[in-house]
Amino acid sequence: MATIREESDYDSSRSSLTAPGSRRSWISDIGSSSSVSVRSFGGGAWDAPAVSCRHKPHKANQAEWEAIRRIRAAAGRIGLEHFRLVRRLGSGDLGNVYLCQLREPWSTGCLYAMKVVDKDALAFRKKLRRAEVEREILRTLDHPFLPTLYADFEASHYACLVMEFCPGGDLHVARQRQPGRRFSISSARFYAAETVLALEYLHMMGVVYRDLKPENVLVRGDGHIMLSDFDLSLKCDVVPRLLRHNSLPHNGNIAGRADTAAKPSCVPPIQPVLSCLFKGVNKCQAKEEAAPKPGNDGETVDSVGGASSSSEPGDHIHTNPEVVVEPVSARSKSFVGTHEYLAPEVISGQGHGSAVDWWTLGVFMYEMIYGRTPFKGESNEKTLANIIKQPLAFPRVAAASGKEWDEHLRAQDLMTQLLAKNPRKRLGGCTGSAEVKRHEFFKGVNWALVRSVRPPEVPKPAVVPVPPAQKKVVMLSRKERQEPYNPVVRPDERFEYF
Ligand SMILES: Nc1ncnc2c1ncn2[C@@H]1O[C@H](COP(=O)(O)OP(=O)(O)OP(=O)(O)O)[C@@H](O)[C@H]1O
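In this text, all values refer to a predicted model and were calculated from it rather than measured experimentally. Residues take numbers from 1 onward in each chain, read along the sequence in its written order. Thresholds applied to this predicted model are a pLDDT of at least 70 for local features of residues and 80 or more for the giving and counting of side-chain atom pairs; totals over whole chains, interfaces and linings are not thresholded and use all residues. Derived side-chain values reflect all non-hydrogen atoms in the structure, with water molecules and hydrogen atoms excluded from consideration.

Participant: Quick rundown of the state of the cysteines? Include the residues and the values.
Facilitator: Disulfides are defined as cysteine sulfur pairs within 2.5 Å. Applying the stated criterion across every chain yields a total of zero disulfides. Cysteine Cys100 shares no disulfide, and the gap to the nearest cysteine sulfur, in Cys160, comes to 9.0 Å. Buried means the residue's accessible area, taken with a 1.4 Å probe over protein chains only, is under 20% of the maximum for its type, while exposed means over 50%, and partly exposed covers the values in between. A residue is classified by how much of its surface remains accessible, and Cys100, at 0% relative accessible area, is buried. Judged by its relative accessible area of 0%, Cys160 falls in the buried class.

The structure is reproduced here in structure tokens:
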């Protein structure tokens, strides 16, 4: 399948190649400039020290982590020579991903996924910055549903990222195995809930993921998910804000959310987040239009420990302020994503922020439950036109029981709110994950304990035979590592071990 690859917030050239029906991610800048506040990563050099990836509190007890730590302690560093590549797991636009093991016999049970990117080739294609951004994002992550970066290093002109291996494949493939190629509502709820938590964390870290789709949701050994592929993600500043709650619903459209907003099951009941959803919604929009600055949305939103609320006296009843850490004000004009998953504001080029991830969550849920995406057309152009104009519709479903029918209605209500074409009216678009988590579809989900819930499927443990091909592994000599990249090489001289 051909790929579309164009410019991002980080790339420095433009090119275009379209592929009708492609499900591949792509990136292009259709605006003259991006107004997003892209954080500097210290120059972006590949040899910048990996400080944060050495400290992973929630994975600290893992055998994989301990094995890496032991080798680092003994050798002073970790590099390609410490690994044995077992087989290729997949390929992407940036490079290949290999299943690998450490060479030390005591560590054979530890499996890793190593993403290998050819820096010279990427530099030639002007995509090196994307790979750097992915590495920088991976270095900062520490969450059960996001990749653990165990190590990153260079070997000759290759840059290697050593991550957690997911033996369960991706959710696109997993869906093909389901009856009717659709997940049951309960399975869809499980995967959606874990995805919500991963997106919530990413947003809190100032990362807009921008590429949610079943192909990028991998299934870990324990059956829980791991979002992968961050090369299209946007890194931006996020300013924590204190959201004061307005208690009174006012309009029919938004008030529908009050009916479906469930109280969280794992914390004491709190008021729903209302300031942007009810009476304040129009003011919130007006303020955003006037001054879309991070942390300066005005009205009922304050910076934590910062300026006071500017709401008018008597306008709102403020109770139970809530901290919102969501980069809602980030604005990028890059044309980035996968056709069927693109949000309307990405297509129109008006600038997009974290609300795109809540849109893609809606498309993702739709595909899991109905086996297809909601706006797919005969061509990519038609798909884009449908996303902008076509009203959302749901296929008929044959529910086995009244309870299942109710579940479908709740799922449809959530998808309808996530797939609001106006990002300001979209669930999550204003205050982020809190309002998504509160939806009735997730009623009963104990958010704090999702990682302890039994997953719908648990993959069989990966069996790793010692491949005879290992004897033929070509390791680069020190001299070869120093040599400049020569793209005209014989196949057996490339990193390709297979
Ligand atoms: N941790 C992992 N465990 C198992 N398989 C993985 C892992 N990471 C990646 N893969 C496999 O490798 C493939 C390519 O990985 P990835 O999508 O990260 O590369 P990419 O070059 O960024 O791709 P893209 O073109 O989608 O941007 C994936 O489709 C997946 O099948």
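From this point, the narrative continues.
Participant: I'd like a rundown of the pairing of strand β2 (residues 83-91), residues and numbers included.
Facilitator: Two strands are counted as paired when DSSP detects at least two bridges linking them. Each helix is a run of H or I in the DSSP string that is no shorter than four residues. Each strand is a run of E no shorter than two, and both are numbered from the N terminus. Pairing analysis gives seven bridges linking β2 to strand β3 (residues 95-102), with the strands arranged antiparallel. Residue pairing across strands places Arg87 opposite Leu99, the latter belonging to β3. Once β2 ends, the chain turns through three residues before running back antiparallel as β3.

Participant: Could you give an account of the packing of aromatic side chains, with specific residues and numbers?
Facilitator: Aromatic rings from Phe, Tyr and Trp, taking only the six-membered ring of Trp, are treated as a pair when their centres fall within 6.5 Å; an angle between ring planes under 30 degrees marks them as stacked, one over 60 as edge-to-face, and anything in between as tilted. Applying the stated criterion across every chain, the model contains 13 aromatic pairs. Judged by centre distance (5.9 Å) and plane angle (90°), the ring pair of Phe83 and Tyr112 falls under edge-to-face. Residue Phe83 is found in strand β2, and its partner Tyr112 is found in strand β4 (residues 111-118); the two are separated by 29 residues along the sequence. Of the residues examined, Phe83 reaches a relative accessible area of 2% and is grouped as buried. By relative accessible area, which is 0% here, Tyr112 ends up buried. Where Phe441 meets Phe442, the ring centres are 5.3 Å apart and the plane angle is 65°; that geometry is what we call edge-to-face. The pair Phe441 / Phe442 is uniform in exposure class, with both members buried. What links up through ring pairs into an aromatic cluster is the set Trp65, Phe83, Tyr112, Tyr150 and Phe153. Two limits define a charge over a ring: the Lys NZ or Arg CZ must be within 6 Å of the ring centre, and within 35 degrees of the ring normal. For Arg70, the ring lying beneath its charged end belongs to Trp106, and the centroid distance is 3.8 Å. A cation over an aromatic ring shows up here: Arg189 above the ring of Phe441, its NZ or CZ 5.0 Å from the ring centre.

Participant: Provide a residue-level description of the pattern of salt bridges, including the pertinent values.
Facilitator: Put simply, a salt bridge is a Lys or Arg side-chain nitrogen that is within 4 Å of an Asp or Glu carboxyl oxygen. Tallying each qualifying case throughout the model produces 23 salt bridges. Of the charged contacts, one joins Lys119 and Glu154 as a salt bridge, the two residues approaching to 2.8 Å between their closest N and O atoms. Placement of the pair is Lys119 in helix α2 (residues 119-124) and Glu154 in strand β5 (residues 149-155), with a sequence separation of 35 residues. Here Glu340 makes a salt bridge to Lys376, at a shortest N to O gap of 3.7 Å. With a gap of 36 residues between them, Glu340 in the loop between β14 (334-337) and α8 (344-348) and Lys376 in the loop between α9 (355-370) and α10 (380-389) connect regions that are remote in the sequence. On the basis of relative accessible area, Lys376 is assigned to the partly exposed category, the value being 48%. One salt-bridge network, held together by shared partners, links Asp93, Arg125, Lys127, Arg130 and Asp231.

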